[in-house]
Amino acid sequence: MKTSLRDVSSQVSIMTPEFLADVGANTLDEALRYSLNVENPGEYYDATTTNNTSLSLNPFLGPSRTRGLAVSTTTHDFFPTYLPIDTYNTERFTFASGPNAILFGSGNPAGSIDTLFKRAFHESSRYSAEFRFDTEDGWRAALDVNQPLWKNIVSIRATGLKQHGESFRKPNYEDAERGFVTLSVDPARWLSLRAWYETVDIKRQPVYNTVAKDRVTPWVEAGRPIYDNASGNPLPANSNDPSAPGYSPVFLPFTGNNATSRQVYVTGQSLGNVPLAYWTNTVITRGYDSIIQGADGFEHSIGDAAAFPVDANITGNGLRNQLDGDLWGVSVELNPFKNFYVELGYNEENYEQRFVEYGGTGATTLAVDANRYLPDGTTLNPNQGRYYVQGTLSSGAAWNQSRHARVTASYDLDFTRRDDWARWLGRLRVAGMLARDRNWRILQRAAPSVAGGGEVPYLRVYVDRQDDPSAEGVYHVNIPVNLFSDYTLPGTATAINSPFGPHAVYSAANGEATDIDTRLFAAQYYLLQDRIVLAYGKRADDSSGSLPVRLTDAGGNLISLIDRRDGFAHASDKKLKTDLKGVVVHPYKWLSFHYNESNSQNPSSTSAINLDGSAKPSGDGEGKDYGVSVHLLNGLVSLRVNKYESVLLDGLSSYRAGTGIGGINPFRDTVYNIEKSVLDAGAPQNPAFASYETAVAENASGTSFTGREVYDVSSDTRSEGYEAELVANPTPAWRISIGLAKTKASESNIAQDWFDFINARLPVWADYGNAVLHNNASQTVGGYINSNVISSWNYIRELEGRSNPALRKYRLNATMRYTFERGALKNLFVGGSYIWRSKMTLGYKTKTVRPEDMEFAYPGLVTGPLETIDISQPIYGKPLTEVDAFIGYSRKIFRGRIAWRIQANIRNLFDNQDRLAQRVDSAGVVQVYNLVAPRTLAVTNTFEF
């Protein structure tokens, strides 16, 4: 239904093409910087979960977050889309916040962001060319051609983009080539057809959203010691316990499978080292995660003491991805008779992204080669004291294919034109939709292999030190081979097979396939001369979900599931129901009140269930919005103030630490180990948790739990706050846009079904405390619980109510433009943006919980106090303030045949380069941080004719 935003009860915000051009935003990621309440990847980084992984796995720069809650769904023309959104072929961005499934589809409690593709028009031929250059060595060229083919009936429009982008942390790049064509056919007044096609090719060497991890500064602070690893000398203890014999506060041994089964290939700024060898009998330097105990035991960002340029993109060419995608679709609009409209639409989208990531997923660590000798223990190490990055190659592919078909019909029933009493019945708009959505998504890691067999070597890449007078200034990884193809390690005979070739070693695939049939009904009822607008919508979805299977070749080796729709097996069926109820009241033309309540349900095929066997809502949402709007000066000034409440139900807990106290994986594993052991010893099952009990009992003793991912750890996230948006055009020459948001988002009910189970089973576990563990006959259940398990449970319970990671309570954007309409400055325009974010929640101080105050206790447990975070004492970072500016000029040239516009955009006008804190220790000292982009100038020339 086509409805004025004035009559929409949900929170909707729009960025027009004019606004996007003013601020110089060419992509959706760039536009989010100026949005009302959506954080872009540069603003939001959770240092505890390393959301940098999206740089390799997703086609976007990283995850955004709406209302401090979760990422929004992106759509084009109300079709879900996964390809990066760019203004070269789009018209505007529409932000709908909250779980408005009726408006924008199922599945997301945070909201949706929709864009409209450009359309071909019949009025006249029109052409435009845009060229942009910036001070970071980036450039962009876009072409837009509109051509009528049959007067007022058939027109075609084609747009193209070629660009090279860079950011300030060199070396990096993003090269894109995109093409888009759309056709409009209007053979009759009641019939319109539109078709579109886009192809996308993007190659990137991106930059992580944080600086390198630090295993250098502890060595520097210790006096830069060199370890004497001569033959016969013992290595330090492989322990983080300072009381362990042979413990070193600076070094750890390079031992185990790391040293004995996998060689190390040395490259980069190396000084004559043996290129390929087993590095047994050597040490590695410690990071703060292995030096500091407790809550502050995490890795720090590299600091100034290491004499290393922190603004270098240390990953270099070790992180790259290649995306190839396309989409096509068609829309047919019919108006067979008055007030009755029908739309038939279809859209299909495909993309595959290959990635290589050297050094591990999500971060890169800088270390020191502090060995006096090479691994043979006799040859002096020519690289002692030099810095290096070492790791294995993580690689793989992400593939997505989606097909969406829909038919929509609407009818307007207008009684206001009647002359009798029936005119008081107002106007009624009703709409219905039938839709079929199919989606296949796979993420599968693939490793390279050694021709002839054996382990793929580690890559150790030496880099220069800034305090070394002989340095060549190479502060980044520069791998001398193409990691996407087959290669031979230079200086050796070792041939490596590509992770994307026939000899790749595949891991089990992650992903899902969904098949959704939708039925939707919506109605709007206008009463009292449109002063009251009632809205109601009801949506029902039948969702069938499938999960990837393990397909193997004749030798039993896993094979690729990329681009294979037959690589899934049915996993679950869901019936989803969503509702929307809203009302808008216009007591005066200039004043409106709105109220909206709605929900969304997630059609994901992931078969996560509670321990009692009931299905988890798995990301469903509920929300309410209510507020007031003021429209003055005949709509030239509009102000909307909205209060909202949004809840994400049973989403994955934001505390996703895989290891350590309170870690999700050890939490699930320890509960399984305890329950499996007591069941093996004859303990009775609890019928209230029959699903989990049966799965545990049937799992083979002595093995890991195969159902770990089915019984995942979830929590609820609640976000509430206010949003205010002012849009004003007080004069034709003056445009103002101001957005202010206040957000409070916190996590609760962490692992609630697990703790219900634990509380129910603790008495049974106490009765069977002397039973031996199913996977360790030397330890009893009671001893296992007393070791650290119960502390982990109490630690997680203390996290209840903590703020969502990296949350800023307040957010302000203000943009203004003024155009000179007469005089010597005619056609000149100037403007700027003021961007302010309040202080960020970076962490919490710690507190000590006495044993008698802990929720969980165990017979015979002797434990000391527990140190945990204190959510009543948050630690904040600094507010963030930036100012952007733009200036431009437009005029007709070549005797009025060409409209020329030149515009300069300056971001970070005052060159604020304060470090962006991302994580602090319990004393409030910043230990993980990122860098703010320095002042950047971009100049755009546009020609239209």
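These figures come from a predicted structure and were not determined experimentally. (Residues numbered from 1 in each chain as written. Predicted model: local features only at pLDDT ≥ 70, side-chain atom pairs only at ≥ 80, totals over all residues. Heavy atoms only, no water.)

Visitor: Looking at this structure, how should I read the pairing of strand β4 (residues 73-76)?
Guide: The side chains of a regular strand alternate, residue by residue, between the two faces of the sheet. Bridging between β4 and strand β7 (residues 111-117) involves four bridges; their strand directions are parallel. Looking at β7, one finds that threonine 74 is bridged to isoleucine 113. Taken together, the two bridges between β4 and strand β5 (residues 79-80) define a ladder with antiparallel strand orientation. Bridging from a neighbouring strand, threonine 75 pairs with proline 80 of β5. Between β4 and β5, which pair antiparallel and follow one another directly, the connecting turn spans two residues, one of which, aspartate 77, has a positive phi of 50°. (Pairing = 2+ DSSP bridges. Helix = DSSP H or I, 4+ residues; strand = E, 2+ residues; numbered from the N terminus.)

Visitor: Would you mind showing me how to read the pattern of salt bridges here?
Guide: Pairing between side chains of opposite charge can happen when their charged atoms approach one another. Scanning the entire structure with this criterion turns up 49 salt bridges. Residues lysine 170 and glutamate 136 are paired through a salt bridge, measuring 3.3 Å at the closest nitrogen-oxygen approach. On the criterion of sequence distance, the pair formed by lysine 170 in the loop between β10 (154-165) and β11 (173-188) and glutamate 136 in the loop between β8 (126-134) and β9 (139-150) is long-range, its members being 34 residues apart. Bridged by salt links that share partners, the residues Asp22, Arg735, Arg817 and Arg901 form one connected network. (Salt bridge = Lys/Arg side-chain N within 4 Å of Asp/Glu carboxyl O.)

Visitor: Can you walk me through a positive patch on the surface in this structure?
Guide: A surface patch of positive charge is lined by Lys742, Lys744, Lys809 and Lys839. Along the polypeptide, lysine 742 turns up in strand β36 (residues 734-748). (Patch = residues over 30% accessible without salt bridge, like charges linked within 9 Å, V, L, I, M, F, W, Y side chains within 5 Å. Areas by Shrake-Rupley, 256 points an atom, 1.4 Å probe, with all protein chains shown as cover. Lys, Arg positive; Asp, Glu negative; His and termini not counted. Charge placed at Lys NZ, Arg CZ, Asp CG, Glu CD.)

Visitor: I would appreciate a short explanation of the sheet that holds strand β1 (residues 11-15) in the present structure.
Guide: Strand pairing in a sheet takes place through backbone hydrogen bonds and is either antiparallel or parallel in direction. Taken together, five strands build an open sheet; the order of strands is β1-β6-β7-β4-β5 and the sheet is mixed. One side of each edge strand has no neighbouring strand; the edge strands of this open sheet are β1 and β5.

Visitor: For this particular structure, what's the right way to read the side chain of serine 498?
Guide: Counting through the fold element by element, serine 498 comes out in the loop between β27 (495-497) and β28 (505-506). The class of serine 498 is buried, set by a relative accessible area of 5%. Non-local contacts of serine 498, meaning those with residues more than four positions away in its chain, are made with Pro448, Phe484, Ser485, Asp486 and Ala504. (Buried < 20%, exposed > 50% of the residue type's maximum accessible area, 1.4 Å probe, protein only. Contact = heavy atoms within 4.5 Å.)

Visitor: I would appreciate a short explanation of the pairing of strand β47 (residues 936-944) in the present structure.
Guide: Two strands pair when backbone bridges link them, and β8 and β47 are joined in this way by seven bridges, in the antiparallel orientation. Pairing of arginine 132 across the sheet is with threonine 940, part of β47.

Visitor: I tried to follow unusual backbone geometry on my own but got confused; where do I start?
Guide: It is generally the case that most residues other than glycine have a negative phi and that most peptide bonds are trans. Residue proline 171 follows lysine 170 across a cis peptide bond; omega there is -5°. When you line up the elements, proline 171 lands in the loop between β10 and β11. Residues other than glycine seldom take positive phi values, yet asparagine 152 does so here, at roughly 60°. Here asparagine 152 is to be found in the loop between β9 and β10. Since its relative accessible area comes to 48%, asparagine 152 is described here as partly exposed.

Visitor: Help me understand the packing of aromatic side chains, please; the structure alone is not making it clear to me.
Guide: The geometry of an aromatic ring pair is captured by the separation of the ring centres together with the interplanar angle, meaning the angle of the planes. For the structure on display, the rule yields 28 aromatic pairs. Ring geometry for phenylalanine 79 versus tryptophan 196: centroids 6.2 Å apart, planes at 50°, classification tilted. Of the two residues, phenylalanine 79 is situated in strand β5 and tryptophan 196 in strand β12 (residues 191-205); the sequence distance between them amounts to 117 residues. The exposure class assigned to phenylalanine 79 is buried, which follows from its relative accessible area of 2%. When the ring of tyrosine 692 is compared with that of tryptophan 754, the centres are 5.5 Å apart and the planes differ by 70°; the resulting orientation is edge-to-face. Of this pair, tyrosine 692 sits in helix α8 (residues 690-698) while tryptophan 754 is found in helix α9 (residues 752-767), placing the two residues 62 residues apart along the sequence. Residue tyrosine 692 is classed as buried on the basis of its relative accessible area of 0%. Among the aromatic side chains, those forming a connected cluster through ring pairs are Phe667, Tyr672, Phe689, Tyr692, Phe705, Tyr711, Trp754, Phe755, Phe757, Trp765 and Trp793. The residue whose ring lies beneath arginine 460 is tyrosine 388, and the NZ or CZ to ring-centre distance is 4.0 Å. (Phe/Tyr/Trp six-rings, centres within 6.5 Å; stacked < 30°, edge-to-face > 60°. Lys NZ or Arg CZ within 6 Å of the ring centre and 35° of its normal.)

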